[in-house]
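Chain by chain, the residues run as shown.
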Amino acid sequence: MTGFTLRPVAPAEQPALLALNNRHDGPVNALTPEAFAGLCADAFLAIGAWDADGALLGLMVALGDAGPVHGPNHGWIRAHHPEAVYIDRIVVEPAAQGQGLGRALYGALAAAALDQGKTALGCEVNLDPPNPESLAFHARLGFAPAGEARDPRNGKLVRYLLADAAPLAALNTAHFLRSPAKRSCPAAPR
Ligand SMILES: CC(C)(COP(=O)(O)OP(=O)(O)OC[C@H]1O[C@@H](n2cnc3c(N)ncnc32)[C@H](O)[C@@H]1OP(=O)(O)O)[C@@H](O)C(=O)NCCC(=O)NCCS
């Protein structure tokens, strides 16, 4: 991977993102096309990452405090940390992992969160069944434990994590999110 472009997801691009999401059922839950379209419609931000040839490399969907609550984990963050934007899901293609794309997605989201007066980012990571890779990734980005709960929908034990948006926003390479007029950004080499 020599570079990538981050931009908000257009409706026509949703099927490709959903396919990527559903290949990672477990770390993130699989969704129907209808559920994914609803999630994107309600999203604070839905971002895709593509390489120079247009191949999809990653996705992130984040939810704010407008619109319906999408499940108990979004509800927990909303109730306990209204200052935070909630990361509903992040997935990076295995071949593109470990090259800074996850960090770039968080940087872009953090910048957008600060622009909207949100000072923190929140998410959950599975403890049972465990997702040690995601725990290590989030710890590296400055996330700290904020609580635990068992998801009544599927019995998974999750740990809630929280991080200040400002240090993450300082990593942002996707300045398109700072300006509504600019909907794409140059490839971000790393
Ligand atoms: C978790 C995930 C999003 C990380 O994305 P990524 O693009 O590989 O992460 P980055 O390359 O931006 O890594 C950022 C930092 O986290 C660290 N990190 C990432 N994955 C790690 C791992 N498995 N173990 C230890 N550290 C890790 C990196 O080393 C890097 O720190 P460094 O720059 O000091 O080396 C990606 O592995 C993924 O999509 N996993 C499958 C789906 C998933 O689990 N999603 C999260 C659900 S909660």
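Everything here concerns the structure above.
Scope of this entry: the structure provided in the associated data block. All of these numbers come straight from a predicted model, not from anything done at the bench.

**Quick notes on helix H1 (residues 14–22)**
- Within the span of H1, buried status applies to Gln 14, Leu 17, Leu 18, Leu 20 and Asn 21. The buried residues of H1 all sit within an arc of 160° when viewed along its axis, so they share a single face.
- Considering only its buried residues, H1 is in contact with helix H2 (33–42), strand S2 (45–50), strand S3 (56–63) and strand S4 (84–92).

**Digging into the site of the ligand**
- In the neighbourhood of the ligand, 21 residues make up the surrounding shell, with Val 92, Gly 98, Gly 100, Gly 102 and Arg 140 lying closest.
- Separating a nitrogen atom of the ligand from a backbone N or O atom of Ile 90 is a distance of 2.9 Å.
- Relative to its unbound accessible surface of 920 Å², the ligand loses 76% to contact with the protein.
- Of all the secondary-structure elements, those providing two or more residues to the shell around the ligand are S4, helix H4 (101–115), strand S5 (120–128) and helix H5 (132–140).
- Ranked by residue count, the leading element in the shell around the ligand is H5, at five residues.

**Structural notes on the pattern of salt bridges**
- Counted under the stated rule, the structure contains seven salt bridges.
- Note that Arg 23 is salt-bridged to Glu 93, the shortest N-O span being 2.6 Å. Here the residue Arg 23 occupies a position in the loop between H1 and H2, and Glu 93 occupies one in the loop between S4 and H4, the gap between them amounting to 70 residues.
- By relative accessible area, which is 52% here, Arg 23 ends up exposed.
- Overall, the relative accessible area of 19% leaves Glu 93 in the buried class.
- Note that Arg 153 and Asp 151 form a salt bridge whose closest N and O atoms lie 2.7 Å from each other.
- Using a relative accessible area of 4% as the deciding quantity, one classes Asp 151 as buried.

**Focus on the packing of H4 against H5**
- For the pair H4 and H5, the least separation of the axes is 11 Å and the interaxial angle reads 55°. Judged by the angle between their axes, H4 and H5 are oblique. Taken as a pair, H4 and H5 cross one another with a handedness that is right-handed. Counted together, Gly 102, Arg 103 and Tyr 106 of H4 and Phe 137, His 138 and Arg 140 of H5 form the full contact between these two elements.

Parameters and conventions
Residues numbered from 1 in each chain as written. Predicted model: local features only at pLDDT ≥ 70, side-chain atom pairs only at ≥ 80, totals over all residues. Heavy atoms only, no water. Buried < 20%, exposed > 50% of the residue type's maximum accessible area, 1.4 Å probe, protein only. Helix = DSSP H or I, 4+ residues; strand = E, 2+ residues; numbered from the N terminus. Arc of directions from axis to C-beta. Contact = heavy atoms within 4.5 Å. Near = heavy atom within 4 Å. Polar contact = N/O pair within 3.5 Å; in protein donor to acceptor, adjacent residues only side chain to side chain. Areas by Shrake-Rupley, 256 points an atom, 1.4 Å probe, with all protein chains shown as cover. Salt bridge = Lys/Arg side-chain N within 4 Å of Asp/Glu carboxyl O. Axes fitted to C-alpha atoms, helices over the stretch in contact; angles between N-to-C directions. Parallel < 35°, antiparallel > 145°, perpendicular 65-115°, else oblique. Left-handed = near helix turned anticlockwise from the far one by under 90°.

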